[in-house]
Structures are given as C-alpha cells and as structure tokens.
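Listed below, chain by chain, are the residues.
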Amino acid sequence: MSSFFGRFSGQHEVQALLNKQASHLVRAAKTLAKMVSADSKSRADLNVTLHQIENEADVASHQVLKEVGSRFVLPYDRGDLIHLTSEIDDCVDAIDEAGDNLVLYRIGEVSPKVHEITDIIVQCAEHAVVAVAKLKKIEPSIRTEWLNINNLENRADALYRELIVDLFASDRTPKELIASKITLDSFEAAVDSFEELAAAVELLTLKES
C-alpha cells in the first residue's frame, strides 16, 4: 500500500488535477443558485458567467485526460479515472444546461421548491468536491459523501414530482407548460448527474480500498 501512495504523490499530478476539475462543480452550482434568484437581465449576465465556468471545466477535464493518457503508472485504473473525469464534466454540463433553460425559455419567478432543488445541487457539488479530495488516501469517511449525495437526490426527486403535479394543476398555457417542464427536467437531470458521479466515486473506492 505504501508503494501505491508513493507513486501517487511522486510521479504525477492526477489528484491535484482532479481537485481542480471538481472545484468547478461548486462554482457552477452557486452561479445557478444566483440565477434562480435573479431578474431576467441579471440571469442573462450570470448565464454568460456559467458558460465561462463550463468552458473552464472542459479545459480542466482535458488536463486530467492528458495526464492520465501520458502516464504509464497511475494511482487507479485508467478506465476508472477516465470515467470519473467524464462524470465530473457531465455534472457541470448539466448545471450549465439548467441555467441555460432559465434564460432560453424566459422562466419568470420560480417556486420555492425550485430554490430548494437548486440548494440541493449546491450541496451535492460540495459533497462531490470533498469526495474527490478524499480519494487521495481513500479515507473511510468518503462513504459519507456519496451517501449524502444519494439522500439529497432522493429529496430532489420528491420535490420534482411535487413540482410536476403543481405545474399541470396550474392554468398556464401549453407553451408555458412545455417551457417549464423542460426547465424542471434539466434541474432534475443536474441532480441525477451527481448521483452518477457518486456511483463512480463509490466504485473506484471499493476497487482500491
């Protein structure tokens, strides 16, 4: 085991690059939270910021993949690292899409339940960042992070179902219904993407511990 950690810390920078990539999760999630509370003009400006974060996250993902591809000896299975990097990237992309839909479909003031789902996205991002950082030593407490993400995802699912019921019980026009449904789906997808990321972390942890 000591040789494993020796090659991890001494021969490449995979962990540092993963941490850097994961940091964009919280940045993106908090920007989305600001968008949910903002007026239409501010949302458009924040959406530009969110796109910039997504672009930076793409660069960070490519840096991880480049490092993984250029090293013969790696801390974890090459395929697992590529999968983990892809899942982190998918989470940022999903957050970016949720923010984009707020602007594209000209969503007005949102329900408190949408605010709650957005807060769940922020919490998932924070747990994901901690989980990725804990991979360096496969700390036993890493299990808490993916369990928290799973619990948060369950809460978001319940909120999503309530929102759909509320939506179709409203007197909105068909056009408004479609726009709202697409937007709500994208928020749910953002939460679901963190469940996939948590599963990737869990799988890697179980294989290496």
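The preceding data block contains the structure.
Residues numbered from 1 in each chain as written. Predicted model: local features only at pLDDT ≥ 70, side-chain atom pairs only at ≥ 80, totals over all residues. Heavy atoms only, no water.

Some words on the overall build of the protein
And then number 1: When helices and strands are counted, the protein shows 7 helices and 0 strands.
And then number 2: Secondary structure elements of the protein, listed N to C terminal, follow the sequence α-α-α-α-α-α-α.
And then number 3: Computed over C-alpha atoms, the radius of gyration of the protein comes to 18 Å, within 12% of the 17 Å expected from 2.2 N^0.38 for 209 residues, which places it in the range of a compact globule.
And then number 4: Taking the principal axes of the C-alpha coordinates as reference, the protein spans close to 65 × 30 × 20 Å.
And then number 5: Pairs at least 24 apart in sequence give 82% of the contacts found in the protein among residues at least 6 apart.
And then number 6: Looking at the protein as shown, the accessible area adds up to about 10,300 Å², and 54% of this sits on carbon and sulfur atoms.
And then number 7: Put simply, the protein has 22 plus and 35 minus side-chain charges, and the middle of one group is 5 Å from the middle of the other. (Helix = DSSP H or I, 4+ residues; strand = E, 2+ residues; numbered from the N terminus. Rg over C-alpha atoms; globule rule 2.2 N^0.38 Å. Contact = heavy atoms within 4.5 Å. Areas by Shrake-Rupley, 256 points an atom, 1.4 Å probe, with all protein chains shown as cover. Lys, Arg positive; Asp, Glu negative; His and termini not counted. Charge placed at Lys NZ, Arg CZ, Asp CG, Glu CD.)

With respect to the environment of Trp-146
And then number 1: For Trp-146, the location among the structural elements is in helix α6 (residues 142–168).
And then number 2: Along the primary structure Trp-146 and Glu-176 are separated by 30 residues, whereas in three dimensions their C-alpha atoms are 36 Å apart.
And then number 3: When neighbours within four sequence positions are excluded, Trp-146 is seen to be in contact with Ala-198, Val-201, Glu-202 and Thr-205.

Structural notes on helix α3 (residues 40–70)
And then number 1: Here α3 is 31 residues long and its end C-alpha atoms lie 45 Å apart, about the 45 Å a rise of 1.5 Å per residue gives.
And then number 2: Within the sequence span of α3, burial applies to Arg-43, Leu-46, Asn-47, Leu-50, Ile-53, Glu-54, Ala-57, Ala-60, Ser-61, Val-64, Glu-67 and Val-68. (Expected span 1.5 Å × (residues − 1). Buried < 20%, exposed > 50% of the residue type's maximum accessible area, 1.4 Å probe, protein only.)

A few points about the packing of helix α2 (residues 14–37) against α3
And then number 1: Closest axis-to-axis distance for the α2/α3 pair is 9 Å, and the angle between their directions is 165°. Judged on the interaxial angle alone, α3 and α2 are roughly antiparallel. Where α2 crosses over α3, the handedness of that crossing is left-handed.
And then number 2: When the residues that make up the contact of α2 with α3 are grouped by side-chain class, the tally is 13 nonpolar, 7 polar and 6 charged. (Axes fitted to C-alpha atoms, helices over the stretch in contact; angles between N-to-C directions. Parallel < 35°, antiparallel > 145°, perpendicular 65-115°, else oblique. Left-handed = near helix turned anticlockwise from the far one by under 90°. Nonpolar A, V, L, I, M, F, W, Y, C, P; charged D, E, K, R; others polar.)

Digging into the nonpolar core
And then number 1: Counting 65 residues, the largest nonpolar core has Leu-25, Leu-84, Ile-95, Ile-121, Phe-187, Phe-194 and Leu-197 as the members making the most contacts within it.
And then number 2: Among the secondary structure elements, those contributing two or more residues to this core are α2, α3, α4 (78–104), α5 (112–134), α6 and α7 (174–208).
And then number 3: Each residue touching Leu-25, except ones within four places of it in the same chain, is listed here: Ile-88, Cys-91, Val-92, Ile-95, Ala-125, Ala-128, Phe-194 and Leu-197. (Core = buried A, V, L, I, M, F, W, Y, C linked by side-chain atoms within 4.5 Å.)

Description of α4
And then number 1: Between its first and last C-alpha atoms α4 spans 38 Å; for 27 residues at 1.5 Å apiece the expected length is 39 Å, and the two agree.
And then number 2: A positive phi of about 50° marks Arg-106, the residue just after α4.

Observations concerning the pattern of salt bridges
And then number 1: What the rule picks out here adds up to 8 salt bridges.
And then number 2: Salt-bridge contacts for Lys-113 lead to Asp-166; the nearest nitrogen and oxygen are separated by 3.0 Å. Highlighted residues: Lys-113 in helix α5 and Asp-166 in helix α6, separated in sequence by 53 residues.
And then number 3: Looking at Lys-113, the relative accessible area reads 23%, which means it is partly exposed.
And then number 4: Glu-116 serves as the salt-bridge partner of Arg-155, at 3.1 Å between the closest nitrogen and oxygen. One end of the pair, Arg-155, is in helix α6; the other, Glu-116, is in helix α5, and 39 residues separate them in sequence.
And then number 5: Residue Arg-155 is classed as partly exposed on the basis of its relative accessible area, which comes to 37%.
And then number 6: Classification of Glu-116 by relative accessible area gives partly exposed; the value is 32%. (Salt bridge = Lys/Arg side-chain N within 4 Å of Asp/Glu carboxyl O.)

Observations concerning a nonpolar patch on the surface
And then number 1: Together, Leu-104, Tyr-105, Ile-178 and Ile-182 make up an exposed nonpolar region whose accessible area comes to about 370 Å².
And then number 2: Tracing the chain through its elements places Ile-182 in helix α7.
And then number 3: By relative accessible area, Ile-182 is classed as partly exposed at 32%. (Patch = residues over 30% accessible without salt bridge, like charges linked within 9 Å, V, L, I, M, F, W, Y side chains within 5 Å.)

That is the geometry; function is a separate question.
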